[in-house]
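Summary of the model geometry
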Amino acid sequence: QGQLVESGGGSVQPGGSLRLSCVSSRYMFGSDCMGWFRQAPGKEREVSATLYRQDGRTVYTDSGKGRLTLSRDNAKNTLYLQMNSLTPGDTANYSCAAERPGLRSMGLPRYQGCEYNYWGQGTQVTVSS
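A brief look at the structure comes next. A quick note: this is a predicted structure, and the numbers were derived from the prediction, not measured.

A closer look at the nonpolar core
Among the nonpolar cores identified, the biggest contains 25 residues, and Leu4, Trp36, Leu79, Leu81, Met83 and Tyr94 are the most heavily contacted of them. When residues of this core are traced back to their parent elements, those giving at least two are strand 3 (18–23), helix 1 (26–29), strand 4 (33–39), strand 5 (46–52), strand 7 (68–73), strand 8 (78–83), strand 9 (92–98) and strand 13 (123–127). Element by element, the count of residues in this core is highest for strand 9, at four residues. Judged by nonpolar contacts, the second largest core, of five residues, contains Cys33, Phe37, Ala97 and Tyr116.

As structure tokens, this is what we get:
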């Protein structure tokens, strides 16, 4: 049930900021596992930030520490990724993802023990001068 719909991407100069939004259904928002991933042209997808609700921990990629903030708005079923001090290296397509409740394991890579098996279409972030 439900889709993950991202928005908030765009083009910014180095040092700028963006806030990405992922609107979910209440069903998907009930997942213990949600996060943001990115993929640049010619590169593999990599994690930006993940949240495991059972322990409340948010894990950020090393390059994003101090610059990224993941948050939730439970009233809006929305997951946010605030991105500050952006650099050209942040240029990528950013996707929201979740471990869909009740879905059987597909042997995918895990983050904080979570298998991210449900994905949005992504939103493009471009950082250039």
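Details of the side chain of Thr123
Looking at the element boundaries, Thr123 is found in strand 13. Since its relative accessible area comes to 11%, Thr123 is described here as buried. Within the structure, the side chain of Thr123 is placed 3.1 Å from the backbone nitrogen of Gly9, a separation counted as a polar contact. Setting aside chain neighbours within four positions, we find Thr123 in contact with Glu6, Ser7, Gly8, Gly9, Leu20, Ala92, Asn93 and Tyr94.

Considerations on the pattern of salt bridges
Applying the stated criterion to the full structure yields six salt bridges. Between Arg38 and Glu46 there is a salt bridge, with the nearest N and O atoms lying 2.6 Å from each other. What makes Arg38 buried here is its relative accessible area of 10%. Arg67 serves as the salt-bridge partner of Asp90, at 2.8 Å between the closest nitrogen and oxygen.

Structural notes on a nonpolar patch on the surface
Together, Leu103, Met106 and Leu108 give the surface a local cluster of nonpolar side chains, amounting to about 250 Å² of exposed area. Structurally, Leu108 can be placed in the loop between strand 9 and strand 10 (110–111).

Details of the sheet that holds strand 7
Hydrogen bonds between backbone atoms are what pair the strands of a sheet, whose relative direction is either parallel or antiparallel. Reading across from one edge, 1-3-8-7 is the order of the four strands in this open sheet, with antiparallel pairing throughout. Of all the strands in the sheet, just strand 1 (5–7) and strand 7 have a single pairing partner and so form its edges. Between one strand axis and the next, the sheet turns by 15° as a mean value, whatever way the strands run.

A closer look at the environment of Asp90
Relative to the assigned elements, Asp90 resides in the loop between strand 8 and strand 9. Sequence-wise, Asp90 and Tyr118 are 28 residues apart; in three dimensions their C-alpha atoms are separated by 23 Å. Among the polar contacts listed, one links the side chain of Asp90 to the side chain of Arg67, at a separation of 2.8 Å.

Describing the pairing of strand 13
Alternating residues of strand 13 divide into Thr123, Val125 and Val127, all buried, and Gln124 and Thr126, none buried. One ladder, built from three bridges, connects strand 2 (residues 10–12) with strand 13; its direction is parallel. By the bridge assignment for strand 13, Val12 is matched with Val127. Pairing between strand 9 and strand 13: three bridges, direction antiparallel. Directly across from Tyr94, in strand 13, lies its bridge partner Thr123.

Analysis parameters
- Residues numbered from 1 in each chain as written.
- Predicted model: local features only at pLDDT ≥ 70, side-chain atom pairs only at ≥ 80, totals over all residues.
- Heavy atoms only, no water.
- Core = buried A, V, L, I, M, F, W, Y, C linked by side-chain atoms within 4.5 Å.
- Buried < 20%, exposed > 50% of the residue type's maximum accessible area, 1.4 Å probe, protein only.
- Helix = DSSP H or I, 4+ residues; strand = E, 2+ residues; numbered from the N terminus.
- Polar contact = N/O pair within 3.5 Å; in protein donor to acceptor, adjacent residues only side chain to side chain.
- Contact = heavy atoms within 4.5 Å.
- Salt bridge = Lys/Arg side-chain N within 4 Å of Asp/Glu carboxyl O.
- Patch = residues over 30% accessible without salt bridge, like charges linked within 9 Å, V, L, I, M, F, W, Y side chains within 5 Å.
- Areas by Shrake-Rupley, 256 points an atom, 1.4 Å probe, with all protein chains shown as cover.
- Pairing = 2+ DSSP bridges.
- Axes fitted to C-alpha atoms, helices over the stretch in contact; angles between N-to-C directions.

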